[in-house]
Amino acid sequence: MRWFVFAAVLCGFAAVGETAFAAQPENWGMGLQTSATEVKDMIEAFHDELLVITVAITLFVIVLLAYVAFRFRASANPTPSKRTHHTLIEIAWTVVPVLILMFIAIDSFKLLYTQDRIPDAEVTVRVTGNQWNWTYGYDHPEHGSFEYTSLPLTDEEAQEQGLPRLLATDMPLMLPVDTTVRFIVTASDVLHSFTVPSFGFKIDAVPGRANETWTRVREVGTYYGQCSELCGTAHYNMATMVNVVSKEEFAAWLDQAYEEYAEAPTAPRPTRLADAAPAR
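Quick notes on the rules
- Residues numbered from 1 in each chain as written.
- Predicted model: local features only at pLDDT ≥ 70, side-chain atom pairs only at ≥ 80, totals over all residues.
- Heavy atoms only, no water.
- Helix = DSSP H or I, 4+ residues; strand = E, 2+ residues; numbered from the N terminus.
- Buried < 20%, exposed > 50% of the residue type's maximum accessible area, 1.4 Å probe, protein only.
- Contact = heavy atoms within 4.5 Å.
- Areas by Shrake-Rupley, 256 points an atom, 1.4 Å probe, with all protein chains shown as cover.
- Core = buried A, V, L, I, M, F, W, Y, C linked by side-chain atoms within 4.5 Å.
- Pairing = 2+ DSSP bridges.
- Axes fitted to C-alpha atoms, helices over the stretch in contact; angles between N-to-C directions.
- Expected span 1.5 Å × (residues − 1).
- Polar contact = N/O pair within 3.5 Å; in protein donor to acceptor, adjacent residues only side chain to side chain.
- Patch = residues over 30% accessible without salt bridge, like charges linked within 9 Å, V, L, I, M, F, W, Y side chains within 5 Å.
- Salt bridge = Lys/Arg side-chain N within 4 Å of Asp/Glu carboxyl O.
- Arc of directions from axis to C-beta.

A few words on the overall build of the protein. Summing up its helical and strand segments, the protein has five helices and 10 strands in all. Within the protein, the proportion of its 280 residues that are buried is 38%. Across the protein, the fraction of contacts at a sequence separation of at least 24, relative to all contacts at a separation of at least 6, is 66%. On the protein, roughly 16700 Å² of surface is accessible, and the fraction owed to carbon and sulfur atoms is 60%.

Here it is in structure tokens:
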């Protein structure tokens, strides 16, 4: 629903400075992060639609209040009407809101269905939230499963590598482009929330429970997210850095990652940022 021009003007002010496609928070940003999936497109369209409806209702109420205050002020209307009911108005203010809500519900249900329906996935990634990092598990098509823990970079490490502070990690989540990816999300300790804004999903990571969501990214690039559930004193360190690469590059990375992580002994997961050194 890109034809909502007024909404686009209201919420599409560009952030100050150059905007890169790889999505991350920007200084003075007022709009939504750049969309990289069909689901995020639907979220943005639904957002714009609701914004137009909300602005229209607000303007209508303001104009109506201004008219009533001016037309029926004491000096212009010294003898007020004693009427208590008006059938047409009462029907209108009941029916019109119902019609508006029905109109909103159509796109709302479409979006909810698309988010909830998990398509046949070509790649499945197991995501486990820990205090305070993420563990990602993959299945190699020939050899078997492996996993690794993605640890946050310190401010100094991120600066040295030219990566954003509190968003960069030593090992990113790797995904192939134009591929349906299913995420099976859980937690090892407390509640976390796995989300990447540009992908249009946010799902809770609950200990002892597996939740599912999916994505299909259409552009190669680097994307960032953070845990969206207050999970402890170092909650701000739970960064999600996603590298989306070509299918050929992803297949090559799977081979390399399996050799590096599948046979390696499982190291204790760090509990403090100071302990967050990549396991090699």
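From this point on, the discussion continues.
Right, let's get into the nonpolar core. Counting 40 residues, the largest nonpolar core has V125, Y138, F183, F194, F199 and W253 as its most contacted members. Sort the elements by how many residues they give to this core and helix α5 (residues 247–261) lands first, with six residues. In this structure, Y138 is in contact with T124, V125, R126, G144, S145, F146, Y148, L173, M174, F250, W253 and L254, ignoring residues within four places of it in sequence.

Turning next to the sheet that holds strand β10 (residues 239–245). As summarised here, the arrangement of the three strands in space is β4-β10-β9, forming an open sheet in which the pairing is mixed. Among the strands making up the open sheet, the edge pair consists of β4 (173–176) and β9 (221–226). Between one strand axis and the next, the sheet turns by 25° as a mean value, whatever way the strands run. Summarising the sheet, β9 and β10 pair through six bridges and their orientation is antiparallel. Residue pairing for β10: T222 is matched across the bridge by N243.

Here helix α2 (residues 38–71) spans 49 Å end to end across 34 residues, near enough to the 50 Å set by a 1.5 Å rise per residue. Of the residues making up α2, those classed as buried are V39, K40, E44, A45, F46, D48, E49, I53 and V55.

This brings us to the sheet that holds strand β5 (residues 181–187). With mixed pairing, five strands are arranged side by side in an open sheet as β3-β2-β1-β5-β8. Either end of the sheet is taken by a strand with one partner, and the two such strands are β3 (145–150) and β8 (211–215). Ignoring strand direction, the axes of neighbouring strands in this sheet form an average angle of 25°. With five bridges joining them, strand β1 (residues 123–130) and strand β2 (residues 133–139) adopt antiparallel strand pairing. Across the sheet, the residue bridging to G129 is W134, located in β2. Strands in contact with α5 are β1, β2 and β3; relative to β3, the strand with the most contacts, it is inclined by about 85°.

What follows concerns the side chain of T195. Its place among the elements puts T195 in strand β6 (residues 192–196). Assessed through its relative accessible area of 6%, T195 is described here as buried. A polar contact of 2.8 Å, which involves the side chain of T195, links it to the backbone oxygen of F201. Not counting residues within four places of it along the chain, the set of residues in contact with T195 comprises F201, K202, G225, Q226, S228 and T240.

Let us look at a nonpolar patch on the surface. A cluster of nonpolar residues, I57, F60, V61, L64, L65, Y67, V68 and F72, forms a patch on the protein surface that exposes about 780 Å² of accessible area. With respect to the helices and strands, V61 occurs in helix α2. Of the residues examined, V61 reaches a relative accessible area of 39% and is grouped as partly exposed.

Take the pattern of salt bridges next. In total, this model carries six salt bridges according to the counting rule given. The shortest N-O distance in the salt bridge between E122 and R216 comes to 3.3 Å. With E122 in the loop between α3 (87–116) and β1 and R216 in the loop between β8 and β9, this pair connects stretches of sequence that are 94 residues apart.

Next up on the list: α5. For α5, which comprises 15 residues, the first-to-last C-alpha distance of 20 Å matches the rise-based estimate of 21 Å (1.5 Å per residue) to within 8%. Listed in full, the buried residues belonging to α5 are F250, W253, L254, A257, Y258 and Y261. Projected down its long axis, α5 shows its buried positions confined to an angular sector of 135°, all on one face. Those residues of α5 that are exposed and angled more than 90 degrees off the buried face are E248, Q256 and E259. Contact partners of the buried residues in α5: β1, β2, β3, β4 and β10.

On to the environment of E142. In this structure, E142 sits in the loop between β2 and β3. By relative accessible area, E142 is classed as exposed at 68%. As a C-alpha pair, E142 and D255 span 113 residues in sequence and 9.4 Å in three-dimensional space.

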